[in-house]
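Single-letter residue listing:
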Amino acid sequence: MQDDWSGYSMTIARVRPDKHDSKLKSMNQISVNEEKAQLVLADDGFKNVTLDSVFGQKVSQLDIYDKSIKPFMGLVNDGENVCILCAGESGSGKTFTLYGNESSNGIVELSIRSIFEQLQQEPVGLSVVVSIVIYEIVQDSLRDLIDPLNKNISINSLNSLFGCTTQQGLKELQIKDWNETKVVIDKSLKNRSLVNNSTGGFMSSRSHVILEVMIKRFIENSDIEPVYSRMMFVDLGSTQQYDDSLLTLEKSIEILSDKTSKISPPIEESKLTQILKPSLSGNHHLLMIIHIPSLAICSNSTKNYVKIGTFARKLSISPPITT
């Protein structure tokens with residue numbers, strides 16, 4: 001595992017527990033080597049895929065946070081930007097990793113609690129405002145999940161404050177603590193666009209859901225410029241087959257990861273890649289979490305996400321402190 005997280009993008013994989021996997025062990029199409037951070041897929045083109053970390057079925061939410069998210073929290077508190085990108089096919093556990101359940105906190109809660117804990121240690125005289133927006137991308141259109149009736153949303157170009165794209169017109173709420181934030185998140189996630197998963201027998205999202213936490217640190221009545229930072233949590237929508245936005249994301253990451261490529265990445269071809277542009281091209285630290293639904297089945301979707309992840313960890317990320 002990397003010790004210095006500055007200027008670094010990472011890809012990790014997490015395998016969802018499956019009660020059937022132990023019975024099918026001899027037939028598994030995927031095996032995990034946590035010590036070497038490797039996935040071994042039953043496919044000649046994907047033998048011994050090395051990532052930054054690989055977490056097996058018995059790893060807890062807290063382990064994921066402590067080993068992969070927590071090291072980034074100091075960067076957020078220092079005024080830098082971080083993007084957590086959760087990918088995987090339907091039923092692979094992306095939403096659980098992000099938001100958890102009644103018995104297991106998700107990485108969103110653990111991260112936001114960490115932000116507020118850090119704020120209690122800020123020096124006297126420093127003011128801090130924390131705000132949140134939550135929205136989804138459905139068929140390449142933006143939809144506000146805090147205020148679903150809000151129709152006036154557009155993507156701005158580079159925002160000089162956060163050094164990133166911002167979505168004009170979204171309802172932005174200031175938050176004071178985790179309990180207040182949880183109410184907003186729970187209400188907003190109920191507004192997601194869901195469809196019935198015909199194979200899994202459960203409801204799943206076909207939209208990309210993005211939660212952004214924005215932090216402004218400033219000294220009132222001072223000429224000192226405020227310091228801004230942002231933390232994004234992206235739940236990539238599950239599709240039975242890749243949609244255009246995921247294909248565009250894959251192509252963009254592959255091109256940007258190749259230092260010798262002279263091809264322009266197709267970032268402007270989808271709303272998803274426009275929003276993720278800072279995370280792909282240098283202004284955000286990026287952590288991609290690939291979710292493996294089962295060791296017993298290695299689907300084409302899983303192979304595609306692993307492929308994206310191998311390219312993503314090659315991205316050069318060197319975000320400036322945004323002041």
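Residues numbered from 1 in each chain as written. Predicted model: local features only at pLDDT ≥ 70, side-chain atom pairs only at ≥ 80, totals over all residues. Heavy atoms only, no water.

## Things to note about the pairing of strand β17 (residues 227–235)
Turning to step 1, where the next piece is worked out: Of all nine residues in β17, eight are buried; the element is thus mostly enclosed.
Turning to step 2, where the next piece is worked out: Relative to β17, strand β6 (residues 82–87) runs parallel, the two sharing five bridges. Looking at the pairing, L85 lines up with V234 of β17.
Turning to step 3, where the next piece is worked out: As judged from the nine bridges shared by strand β16 (residues 208–218) and β17, these two strands associate in the antiparallel manner. Counterpart to E212 in the pairing with β17 is M232. (Buried < 20%, exposed > 50% of the residue type's maximum accessible area, 1.4 Å probe, protein only. Helix = DSSP H or I, 4+ residues; strand = E, 2+ residues; numbered from the N terminus. Pairing = 2+ DSSP bridges.)

## A word on unusual backbone geometry
Turning to step 1, where the next piece is worked out: Despite not being glycine, D140 has its phi angle at roughly 65 degrees, a positive value.
Turning to step 2, where the next piece is worked out: Tracing the backbone shows D140 in the loop between β9 (127–138) and β10 (141–144).
Turning to step 3, where the next piece is worked out: At N221, a position not held by glycine, the phi torsion is positive, near 55 degrees.
Turning to step 4, where the next piece is worked out: Along the polypeptide, N221 turns up in the loop between β16 and β17.

## Re the confidence of the model for the chain
Predicted coordinates in regions of low pLDDT should not be interpreted in detail.
Turning to step 1, where the next piece is worked out: The predicted model of the chain has a mean per-residue pLDDT of 82, with 81% of residues at 70 or higher.
Turning to step 2, where the next piece is worked out: Within the chain, the element-level pLDDT minimum falls on strand β15 (residues 202–205), averaging 51, and the maximum on helix α4 (residues 178–189), averaging 96.
Turning to step 3, where the next piece is worked out: Contacts for the low-pLDDT stretch residues 197–202, under 50 throughout, to residues beyond four places or in other chains number 10 contacts. (pLDDT = per-residue confidence, 0-100. Contact = heavy atoms within 4.5 Å.)

## A short note on the packing of aromatic side chains
Turning to step 1, where the next piece is worked out: Counting across every chain of the model gives zero aromatic pairs.
Turning to step 2, where the next piece is worked out: Between the NZ or CZ atom of K216 and the centre of the ring of F218, over which it lies, the distance is 4.9 Å. (Phe/Tyr/Trp six-rings, centres within 6.5 Å; stacked < 30°, edge-to-face > 60°. Lys NZ or Arg CZ within 6 Å of the ring centre and 35° of its normal.)

## Things to note about the state of the cysteines
Turning to step 1, where the next piece is worked out: Counting across every chain of the model gives zero disulfides.
Turning to step 2, where the next piece is worked out: This cysteine, C83, is not joined by any disulfide, and C86 carries the nearest cysteine sulfur, 9.3 Å off.
Turning to step 3, where the next piece is worked out: For C83, a relative accessible area of 0% puts it in the buried group. (Disulfide = S-S within 2.5 Å.)

## A look at the pairing of β9
Turning to step 1, where the next piece is worked out: Within β9, nine of the 12 residues are buried, which leaves it mostly tucked inside the rest of the structure.
Turning to step 2, where the next piece is worked out: As paired elements, β9 and β16 share 11 bridges and run antiparallel to each other. By the bridge assignment for β16, I132 is matched with V213.
Turning to step 3, where the next piece is worked out: Inspection of the sheet shows β9 paired to β10 by four bridges, in the antiparallel sense. Of the residues in β10, the one forming a bridge with Y135 is D144.

## A closer look at the sheet that holds strand β4 (residues 49–50)
Turning to step 1, where the next piece is worked out: Judged by pairing direction, the sheet is antiparallel, and its three strands sit side by side in the order β2-β3-β4 without closing on themselves. Every interior strand has two partners, whereas the edge strands, β2 (30–33) and β4, have only one.
Turning to step 2, where the next piece is worked out: Relative to strand β3 (residues 38–41), β2 is paired through four bridges, and the arrangement is antiparallel. Across the sheet, N33 pairs through a bridge with Q38, a residue of β3.

## Digging into the packing of helix α5 (residues 244–257) against helix α6 (residues 271–281)
Turning to step 1, where the next piece is worked out: Running from amino to carboxyl end, α5 crosses α6 at an angle of 25 degrees, the nearest separation of the two axes being 10 Å. Considering their axes alone, α5 and α6 lie roughly parallel with respect to each other. In this structure, α5 crosses over α6, and the sense of that crossing is right-handed. Residues S245, L246, T248, L249, S252, I253 and L256 of α5 touch α6, and the partners they reach there are L272, T273, L276 and L280.
Turning to step 2, where the next piece is worked out: When the residues that make up the contact of α5 with α6 are grouped by side-chain class, the tally is seven nonpolar, four polar and no charged. (Axes fitted to C-alpha atoms, helices over the stretch in contact; angles between N-to-C directions. Parallel < 35°, antiparallel > 145°, perpendicular 65-115°, else oblique. Left-handed = near helix turned anticlockwise from the far one by under 90°. Nonpolar A, V, L, I, M, F, W, Y, C, P; charged D, E, K, R; others polar.)

## A few points about α4
Turning to step 1, where the next piece is worked out: In this model α4 runs 16 Å from its N-terminal to its C-terminal C-alpha over 12 residues, within 8% of the 16 Å that 1.5 Å per residue would give.
Turning to step 2, where the next piece is worked out: Every buried residue of α4 is accounted for by W178, T181, V184, I185, S188 and L189. The buried residues of α4 occupy an angular sector of 120 degrees when the element is viewed end-on, so they sit on one face. Of the residues in α4, the exposed ones pointing more than 90 degrees away from the buried face are N179, V183 and K187.
Turning to step 3, where the next piece is worked out: In this structure, the buried residues of α4 make contact with α2 (94–99), α3 (107–119), β9, β13 (173–174) and β16.
Turning to step 4, where the next piece is worked out: For α4, the N-terminal cap is D177; the gap from its side-chain oxygen to the backbone nitrogen of N179 is 3.3 Å. (Expected span 1.5 Å × (residues − 1). Arc of directions from axis to C-beta. Polar contact = N/O pair within 3.5 Å; in protein donor to acceptor, adjacent residues only side chain to side chain.)

## Remarks on the environment of L41
Turning to step 1, where the next piece is worked out: Looking at the secondary structure, you find L41 in strand β3.
Turning to step 2, where the next piece is worked out: In this structure L41 comes out as buried when scored by relative accessible area, which is 2%.
Turning to step 3, where the next piece is worked out: Sequence separation of L41 and V306 is 265 residues, and the distance between their C-alpha atoms is 10.0 Å.

## Notes on helix α1 (residues 61–77)
Turning to step 1, where the next piece is worked out: Of all the bends in α1, the greatest reaches close to 50 degrees and is centred on I69; the proline P71 follows between one and four positions later.
Turning to step 2, where the next piece is worked out: By the burial criterion, the buried members of α1 are Q61, I64, Y65, S68, I69, F72, M73, L75, V76 and N77. (Bend = angle between axes of the 7 residues up to and from the residue.)

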